[in-house]
Amino acid sequence: MSVVKNVMLIILLIVVLFLIVMPIYHNVMLLIERKDIRTLGTLVEVEGYNMNIYVEGIDKDQGKPIIVILSGSGVAAPLYDYKELYSKLTDKFRVAVIEKFGYGYSDVSGIERDVATMVKEDREALKKAGEKGPYVLMPHSMSALEAIYWADTYPDEVNSIIGLDMAVPDCYDEKNNNISKIRFMKVMTLIGIHRIPVFYHINEEGLSKKEIEQLRYLTYRNALNNDVYEECKIVYENAKTVKKIGTPDIPILMFTTNLGGSDGWESWVEAQENFANQSDLCKQIKLECKHDLHHCESKFISEQINDFMRRGE
């Protein structure tokens, strides 16, 4: 028994040392890495804070609506995370990536994360960056709530929606919320656990060495920061707000995944099916892949987007 007790004591000491040393290491590294973060895009002032807008592709005077990428929840660096997809579109279209407060190179603001406020910020940032509608909104996951709200509240600004595995309102069941899990993960990021690759995967496909370096710095800095955390907490209220809107009366192309077969995929697909069936202008394409479909199906998705954008020509 004494051997077992000694082993347990050693394990306990290792855990305690880890919990002391890791947060110190994480915060020291954040200070060191901060000087090497190089903003790519245009920082515009919104509500007294800097928001980053990255634009790539054809000139704005070619008469085509700009595609606006709205990031999924907690994507630490949208500019780099979605590059594998948008780089396949910029030869024919102009693409803007909005990095909301708490995302990418943008500031952490502390401003309320209700859907009306976030859409207001998105609109102001695009205008200050010199980009004009009508927009083709391309939301991934949770940002579908912003896209739906935007299209309904400011219909003259939205040409259409291209949904990347859209988290429509019915995807959010407050009775089965994951707030406890998010709180735990928030604590883990304060410790710096996301610096350990086995706990936090960073997709590097299609990126240069310098881009991978920036992606890592932004991931370590941004993972579940206060803006992202508050956005996750209020999402159920945002879903209730958007649910009243229904499906916007504009062309919508929806890519729906089965979440790679993970738990709950049936209800996830059903929610998107019900949303799509509310409008004759909505086309749904189902994919058997994980939620980060822009990584695993970027070629197919870009081909379908090309066809969708050519409608009516």
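All figures in this text were calculated on a predicted structure; none of them were measured in a lab. (Residues numbered from 1 in each chain as written. Predicted model: local features only at pLDDT ≥ 70, side-chain atom pairs only at ≥ 80, totals over all residues. Heavy atoms only, no water.)

J.: Explain the pattern of salt bridges residue by residue, including any values.
T.: Applying the stated criterion across every chain yields a total of 20 salt bridges. With a closest N to O distance of 3.7 Å, Glu157 and Lys127 form a salt bridge. Taken together, the residues Glu157 in the loop between α5 (144-153) and β6 (158-164) and Lys127 in helix α4 (residues 115-128) connect sequence positions 30 residues apart. Residue Glu157 is classed as buried on the basis of its relative accessible area of 15%. Judged by relative accessible area, Lys127 falls into the partly exposed class, the value being 48%. When the shortest N-O distance is used, the salt bridge between Asp307 and Arg310 registers 2.5 Å. Among the residues examined, Asp307 registers a relative accessible area of 43% and is labelled partly exposed. Among the charged side chains, a salt-bridge network with shared partners connects Lys60, Arg94 and Glu131. (Salt bridge = Lys/Arg side-chain N within 4 Å of Asp/Glu carboxyl O. Helix = DSSP H or I, 4+ residues; strand = E, 2+ residues; numbered from the N terminus. Buried < 20%, exposed > 50% of the residue type's maximum accessible area, 1.4 Å probe, protein only.)

J.: Go over the packing of aromatic side chains, please, and point to the residues and values.
T.: All chains considered together, the criterion is met by five aromatic pairs. When the centroid spacing of 5.7 Å and the interplanar angle of 65° are considered together, the rings of Tyr135 and Trp150 count as edge-to-face. Of this pair, Tyr135 sits in strand β5 (residues 135-139) while Trp150 sits in helix α5, and the two are 15 residues apart along the sequence. On the basis of relative accessible area, Tyr135 is assigned to the buried category, the value being 2%. Seen in terms of ring centroids, Tyr172 and Tyr236 are 5.9 Å apart; in terms of plane orientation they differ by 90°. Their pairing is edge-to-face. With Tyr172 in the loop between β6 and α6 (179-191) and Tyr236 in helix α8 (residues 226-243), the pair connects residues that are 64 residues apart, well separated along the chain. For the pair Tyr172 and Tyr236, one class covers both residues: buried. The ring of Tyr154 carries the charged tip of Arg123 above its face, separated from the ring centre by 3.5 Å. (Phe/Tyr/Trp six-rings, centres within 6.5 Å; stacked < 30°, edge-to-face > 60°. Lys NZ or Arg CZ within 6 Å of the ring centre and 35° of its normal.)

J.: Before we move on, can you summarise a nonpolar patch on the surface with the specific residues and values?
T.: A cluster of nonpolar side chains, Leu9, Leu12, Leu13, Val16, Leu17, Ile20, Val21, Ile24, Tyr25, Val28 and Ile32, forms an exposed patch at the surface whose accessible area comes to about 1,000 Å². Structurally, Val16 is set in helix α1 (residues 2-34). (Patch = residues over 30% accessible without salt bridge, like charges linked within 9 Å, V, L, I, M, F, W, Y side chains within 5 Å. Areas by Shrake-Rupley, 256 points an atom, 1.4 Å probe, with all protein chains shown as cover.)

J.: Any details on the packing of α6 against α8? Residues and values, ideally.
T.: The description of two helices packed together rests on the angle between their axes and the distance between the axes. At a minimum axis distance of 11 Å, the contact between α6 and α8 shows a crossing angle of 175°. One element, α6, and the other, α8, form an angle in the roughly antiparallel class. Contacts between α6 and α8 involve Ile179, Ile182, Arg183 and Lys186 from the first element and Asn226, Tyr229, Cys232, Lys233 and Tyr236 from the second. Split by residue class, the contact of α6 with α8 holds five nonpolar, one polar and three charged. (Axes fitted to C-alpha atoms, helices over the stretch in contact; angles between N-to-C directions. Parallel < 35°, antiparallel > 145°, perpendicular 65-115°, else oblique. Contact = heavy atoms within 4.5 Å. Nonpolar A, V, L, I, M, F, W, Y, C, P; charged D, E, K, R; others polar.)

J.: So, α6: which residues are in play, and what are the values?
T.: Taking 1.5 Å of rise per residue, the 13 residues of α6 would be expected to cover 18 Å, and the 19 Å separating its terminal C-alpha atoms lies within 8% of that figure. Among all positions in α6, only Ile179, Ile182, Lys186, Thr189 and Ile191 are buried. One or two steps after α6, the chain reaches Gly192, where phi turns positive at roughly 100°. (Expected span 1.5 Å × (residues − 1).)

J.: Break down the sheet that holds strand β8 (residues 282-287) for me, with residues and values.
T.: One open sheet accounts for eight strands, arranged β1-β2-β4-β3-β5-β6-β7-β8; its pairing is mixed. If you trace the sheet from one side to the other, it starts and ends with β1 (42-46) and β8, each paired once. Strand-to-strand, the axes of this sheet are offset by a mean angle of 25°, without reference to chain direction. For strand β7 (residues 252-257) and β8, the ladder comprises six bridges, and the chain directions are parallel. Residue Thr257 lies in a different strand from β8, and its bridge partner there is Leu287. Packing against the sheet, α4 makes contact with β1, β2 (49-57), β3 (66-70), β4 (94-99) and β5, and its axis sits at approximately 125° to β1. (Pairing = 2+ DSSP bridges.)

J.: Describe in detail the pairing of β4, supporting the description with residues and values.
T.: For β4, a buried count of six out of six residues is recorded, marking the element as mostly surrounded by other parts of the structure. Side chains Arg94, Ala96 and Ile98 project from β4 onto one buried face, and the interleaved Val95, Val97 and Glu99 project onto a second face that is buried too. The sheet contact formed by β2 and β4 spans six bridges and is antiparallel. Within β4, the residue paired with Asn52 across the bridge is Glu99. The sheet contact formed by β3 and β4 spans four bridges and is parallel. Within β4, the residue paired with Val68 across the bridge is Ala96.

J.: Kindly report on the nonpolar core, identifying the contributing residues and their values.
T.: Of all hydrophobic cores here, the largest spans 51 residues; its most connected members are Val68, Leu126, Leu137, Trp150, Ile161, Met166 and Tyr172. When residues no more than four places from it in sequence are discounted, the contact partners of Trp150 are Leu70, Val119, Asp122, Arg123, Leu126, Tyr135, Leu137, Pro155, Glu157 and Val158. In terms of nonpolar packing, the next biggest core, distinct from the first, is built from 37 residues, Leu85, Tyr86, Val95 and Leu164 among them. (Core = buried A, V, L, I, M, F, W, Y, C linked by side-chain atoms within 4.5 Å.)

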